[in-house]
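Listed here are the chains, written in short residue letters.
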Amino acid sequence: MTSAPTAGRASDEAARLPSIDVLRTVAICLMIVVHFVENLAATHDAWSLAMNRWMPAGAAAPLFTFLAGVNYRLWCTQRIARGTPAAALSKATIRRGLFLIGTGFAFNVLVWLPEDTFNWDVLTFVGLALISLDVVRRMPVSAVALALVLVLLTSPVLRVIADYPSYWSRSWFDYDVTLSDVVLGCLVVGYFPLAPWLVFPWAGYLATPLIFGGDASACGGMRRPLLATAALGALSAVACLVWPHLPAGLRIGAADGWTMFPASTAYVLGSLAIAMLSLTALHRVLDRGPSSAWTASLVHWTGPFSRHSFSIYVLHHLVHIWPLWIAGLVVGDDPTALWQVAMPAPLALALALACIVGCVALFAWVDRARLPSLEGAMRWLCD
Amino acid sequence: MHPRRIAIVGGGPGGLFTAWLLERMASRRIELTIYEARDRVGGKVLTPSFDSAPVRYEAGAAEFYDYSAVDEDPLRHAVAMLGLPTQPLGGSAVLLDDTVVGTADDVHDRLGPAAHAALLAFDERAKAAQSPRRFYASGFDAVADGSSRRFDAVMDAVHPPAARRYLETMLKSDLATEPCRTSTEYGLQNYLMNDPAYMGLYCISGGNEQLVQALAARVAASVRLQEPVMAIGRTASGSLWVESRRGGQTLVEAFDTVIVALPMAHLPLVRFVGGRLEAALAAHCAHHAHPAHYLRVTILFDRPFWRRRVRDAFFMLDRFGGCCLYDESARDPDATHGVLGWLIAGTAALESCARSDDELVALALDSLPASLGDGRAAFREGRVHRWPGAVSALPGGERLAPVDQRHRPEPIDHPDLFLVGDYLFDSTLNGVLDSASHVAGWVAARLAEGPGGAA
Amino acid sequence: MIRRDAPMDGNGQPVRHDGSGQEVLGQVRVEEVPVDDAVLELVVLPAADADGTRDGEGQEAAALAWVAACRTDTPPVQVPLYGTTVIWSPSRAAILAPHAALVAVREALLDFARCDAALRRLEGEAGLLLGRLDEDAPCAVEFDERHIERQASLEERFRRSVRLRADLADLAPAVLRPPVHPPTLAAQLGERLRERTRLADRLEFVQAKADVLDRVYDLCAQRVGDFAIARRHLRLEWVIIVLLAAELVVLLVEVLAGLGTTPTP
């Protein structure tokens, strides 16, 4: 479960930036491939095990959550420029956040299983992150930066306090439905806990003017985002390389090395660096570079993915998880009977690619026919 | 309650200013009646036109004094309130024997370094004697400088004679009398009024008469033209009666208050009835009757031929005992003709009054220096206006009565009879406004305090 | 001061008069005198006689034509006085005066030209600043995050409006100089040039504009200053809030972790 949708279609009404569309499309495709291979074939055979190990499992979620912050900043800037009052902006933000949280809980119950209601997956995280961004929006940059650093630094400590390994003894988030476990899951020990995942949307929010320029719509220079990227990369490398050599007393929070669950400090910093570098480079090439037929077709094909990322997130789970549960019930009276052993990895990969092609066709048709979608429902309900 | 009836005797600037101010100040209803002996209001402020061309000229008051550089100037304020445009007047040239002495440099170059030094010394003396502020306040001071020295003593001290002649010519038309008949203070004041730090000069664009016309248009009083007042006295019931003559008929009307706004020369023509009043007015006239005379000769020319040498709005000429020559056409930027106005003052004016108009015009033309150009060749039309005894000013050294006493000659039996006149201050239009303002304020205060008054 | 020989014609040719072919002014020296941030081309011509009765009309007309040829927005101002004539425009001027008066008249003219040039510059500056007033005036009422990018330009214009006011204060004594009495030729010419070009009125108009600019940019500066202070305070408040929130989260996690390990009875 390493996928992440965006914060809805925050910038739908704004002039679309090809860089964001392309980056988000890359993240969605990675997510579909990883989910299919992980859920259907991870432990099917030795070959699948080896193949799964090489899946870029931790790449998509940081990208999505980072882009959520970027998108939110652009959306706010454009709304404010159009004269939207601050109160209306807050209302829309909170409604969108609550919509995502509600959808996230429904998703947990319907796609996964009722006992996974409070697993704090990416949908609920992005909902909470959106609400937090409404506060961040009012805070001075220095205070946001301080908060971001505090979240990053305190996360390992909080994991030690909360005894993170005890919730992850069986390689998935195993919790009791008690108030303490539910809240701790949300804060520290769930799949996407606020600490440290809030770092990504907040960093996206802070980095937007650096990447896109002062008014978040003009073109910014390359120097500052590249410096920030380099600094983050260097810090990540330091965390990755130096941490294991520290005395055990100084090593805290099971954050050694590069791990997604829990999101280690090196992982967070490195993912951030990758996200910033990717967005900066794409912005330079696609948004500021000369337009060509190639970029035009790229924008044409990535547009539907980006616009419907939320729907695709839900849909690709439905098309491979529900058949898995049904087949499990048919084969072994347990819906999870075929979990990670349903088929060999190449087949799962082929299905993932088919799913991607299907999504392209489906959402191109949805756009053409102006059919309702999750994004449309969110806008209707929240804006 | 019936309105208070107030008579104003005299429809000159004094009467009109008094009526205008009184209507603005009165806190209760008043009924004003203005008696004017002539067929027009405005008195000495007169802007007629020539017969042969529609060209205006000033026949009476040629300019107004501007004290605003020093302090508040009520006349400037009144002109602004009436919405009248003004323009400054300036000139410093003195024509001596066909020589233009326009500046101190010219005094040096043409009259000699000694004359220049004497001019600077005289200037120093005048400025040392009076600051601009004292100059400004001089009309209100109850007492003059008390010096018995006459101005001729000061002039006698000016050497060489060229410098003296220059100064006398420059001052003559302002003094309107001989230096021996005025005080040092008054003489120096007339010199200092040429210094912009003390005073400026201006006129009303389109003619000075617009001032009195604007006042007359704004006053709601009943104006009785060609109705001279013959006598004033007190009735048995306590009010004042005014006897006037209209078309051979004698009319008598009763008033609560009477304000006599006549020039000094006309005051003896009114009979004041009542022992105390008669004596008080006789004393008042005896004190203030020091007539000064003016004569104005104005000539319309085809063109302003003199401008090649002199471009000032006015300049002094060493003829007629020293006279001021106004370039009337300089006041109108669109003027197609040239107009020169001679202001002859003092004894020369009185003596000239007896001459015929043609004689005076010829004399005026003859007085033009040859270097200015041929006046006779450009001559179109000449007009003469005589103002004998039109101005009255206390000779130097005489004590000025307190302001209240000047304006209410008999306060015991006739506290409701007032006098207004320029001669009660500095014999200028500014002075008459000061006088009118004082009386209007006083009468308005009495109206407010009296029976039925707001106070 | 540069001296150069120059023809008396705007086209670089000697000025000729009334078609007679007689060169009226001939080759004369043209001075280039710096006045404020401009340069005044000045020609000084001694009059033929001291009484002003010279045959100077042709010379005067030629000088007027030369001054008028500089093609400025302001038409030449011609002031004849007692045999002396001064012709002036913002970039060219000519003096026709008796020899004895030349130096003093020249000084008076240059003194006036400096005042006029300075005032002209300030009029331009006030005009430029007033042109931005509509844009900046809202910041005098409210200055917040939306206007932060304009802070530098507002500060710049505030500085310029203060500079304008200071320059006006510096210039006022020269423009409003009291008239000299007894009047000298040079002083009279200077006063008449000041009157003809309405220096005092123009100064008053620029001062009125400066008043408006003062008012707006003073308020803007106050708003910017208030905003900067408020922002510093706000930043501090948020830092404290963040630290408290972090402490609360740590405490909360500690409490919840403790609850989780408590054995249930």
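In this report, we go over the structure that sits alongside the text. (Residues numbered from 1 in each chain as written. Chains lettered and ligands numbered in written order. Predicted model: local features only at pLDDT ≥ 70, side-chain atom pairs only at ≥ 80, totals over all residues. Heavy atoms only, no water.)

**Some remarks on the interface of chain A and chain C**
Threshold: Every residue pair with non-hydrogen atoms within 4.5 Å of one another is taken to be in contact. Throughout, buried area stands for the accessible area (probe radius 1.4 Å) lost by two parts on being put together, summed over both. The term salt bridge refers to a side-chain nitrogen of Lys or Arg lying within 4 Å of a carboxyl oxygen of Asp or Glu. By the criterion applied in these results, polar contacts are pairs of N or O atoms within 3.5 Å in which, for protein atoms, one can donate a hydrogen and the other can accept it, and in which residues neighboring in sequence qualify only through two side-chain atoms. Only runs of H or I of at least four residues qualify as helices and only runs of E of at least two qualify as strands under DSSP, and these elements are numbered from the N terminus. Under the scheme applied, nonpolar residues are Ala, Val, Leu, Ile, Met, Phe, Trp, Tyr, Cys and Pro; charged residues are Asp, Glu, Lys and Arg; polar residues are all the others, including Gly.
With 20 residues of chain A at the contact, the number on the chain C side is 18 residues. Contact between chain A and chain C buries roughly 1,500 Å² in total, counting both sides, with carbon and sulfur atoms accounting for 89%. Three residues stand out in chain A for area buried against chain C, namely Pro140(A), Leu158(A) and Ile161(A), and they jointly supply 27% of the buried area on that side. The interface formed by chain A and chain C holds zero salt bridges in total. Across the chain A-chain C interface, the total number found is one residue pair in polar contact (both at pLDDT 80 or more). Of all the secondary-structure elements, those providing two or more residues to the side of chain A that touches chain C are helix 6 (141–162) and helix 8 (179–189) of chain A. If you tally residues by element for the side of chain A that touches chain C, the top one is helix 6 of chain A, at eight residues. Broken down by class, the residue content of the side of chain A that touches chain C amounts to 15 nonpolar, three polar and two charged.

**Brief notes about the sheet that holds strand 11 (residues 249–255) of chain B**
Residue and element names in this part refer to chain B. Heads up, the condition is: If DSSP finds at least two bridges between two strands, the strands pair.
The strand order across the open sheet built from four strands is 11-10-9-13, with neighbouring strands paired in mixed fashion. Bordering the open sheet on either side are strand 11 and strand 13 (271–272), each of which pairs with just one other strand. As paired strands, strand 10 (residues 240–246) and strand 11 are joined by seven bridges and run antiparallel to one another. Residue Trp241 lies in a different strand from strand 11, and its bridge partner there is Ala254.

**Structural notes on the environment of Ala59(A)**
Inspection of the secondary structure puts Ala59(A) in the loop between helix 2 (46–53) and helix 3 (60–81). Here the alpha-carbon distance between Ala59(A) and Ala27(A), two residues 32 residues apart in the chain, equals 7.5 Å.

**Topic: the packing of aromatic side chains**
Between two aromatic rings, the relevant description is the distance of the centres plus the angle of the planes. Selection rule: Aromatic pairing here means that ring centres of Phe, Tyr or Trp (its six-membered ring) are within 6.5 Å. Orientation follows from the plane angle: under 30 degrees is stacked, over 60 is edge-to-face, and everything else is tilted. Burial here depends on accessible area, computed with a 1.4 Å probe over protein chains only, as a share of the maximum for the residue type. Under 20% is buried, over 50% is exposed, and the range in between is partly exposed. Lysine and arginine charges are scored as sitting over a ring when NZ or CZ, respectively, is within 6 Å of the ring centre and within 35 degrees of the ring normal.
In total, this model carries 38 aromatic pairs over all chains according to the counting rule given. Here Phe192(A) and Trp197(A) contribute two aromatic rings whose centre-to-centre distance is 4.7 Å and whose plane-to-plane angle is 70°, an arrangement assigned as edge-to-face. The buried category is assigned to Phe192(A), whose relative accessible area is 1%. Among the aromatic residues, those joined into a cluster by ring pairs are Tyr164(A), Tyr167(A), Trp168(A), Phe173(A), Tyr175(A), Tyr191(A), Phe192(A), Trp197(A), Phe200(A), Trp258(A), Phe261(A) and Tyr267(A). Between Arg76(B) and the ring centre of Tyr202(B), over which it is positioned, the NZ or CZ distance is 4.0 Å.

**Comments concerning the side chain of Ser161(C)**
By the element assignment, Ser161(C) lies in helix 4 (residues 151–175). Here Ser161(C) is in contact with Leu129(C), Leu213(C), Asp214(C) and Tyr217(C), once residues within four sequence places are set aside.

**Considering the nonpolar core**
To keep it simple, the criterion reads: Here, nonpolar core refers to any group of buried Ala, Val, Leu, Ile, Met, Phe, Trp, Tyr and Cys residues whose side-chain atoms link them within 4.5 Å.
Core analysis: the biggest nonpolar cluster contains 118 residues, and Phe66(A), Trp197(A) and Leu279(A) have the highest contact counts within it. Ranked by residue count, the leading element in this core is helix 1 (residues 18–41) of chain A, at 13 residues. If we skip the residues at most four places from it in the chain, Leu279(A) touches Ser19(A), Ile20(A), Leu23(A), Phe66(A), Leu67(A), Val70(A), Ile211(A) and Phe212(A). Counting residues in each nonpolar core, the second largest holds 80 residues, with Ala349(B), Val79(C), Ala210(C) and Phe227(C) among its members.

**What about a nonpolar patch on the surface?**
Residues and elements named next belong to chain A. We apply this condition: Patch building starts from residues that exceed 30% relative accessible area and form no salt bridge, then joins like charges within 9 Å and nonpolar side chains (Val, Leu, Ile, Met, Phe, Trp, Tyr) within 5 Å. Using the Shrake-Rupley algorithm and a 1.4 Å probe, accessible areas are obtained, with residue cover drawn only from the displayed protein chains.
Residues Val109, Leu110, Trp322, Ile326, Val330 and Val331 make up a contiguous nonpolar surface patch of about 600 Å² in total accessible area. Sort the elements by how many residues they give to the nonpolar patch and helix 14 (residues 309–332) lands first, with four residues. Turning to its location among the elements, Val330 is positioned in helix 14. In this structure Val330 comes out as exposed when scored by relative accessible area, which is 65%.

**Things to note about the interface of chain C and chain B**
Chain C puts 16 residues into the contact, and the matching count from chain B is 21 residues. Counting across the interface, chain C meets chain B through one salt bridge. Among the salt bridges present, the one from Asp312(B) reaches Arg192(C), with a minimum N-O distance of 3.0 Å. Secondary structure elements with two or more residues in the side of chain C that touches chain B: strand 4 (77–81) and helix 5 (185–196) of chain C. With four residues, the top contributor of residues to the side of chain C that touches chain B is helix 5 of chain C. Residues that form the side of chain C that touches chain B fall into these classes: nine nonpolar, four polar and three charged.

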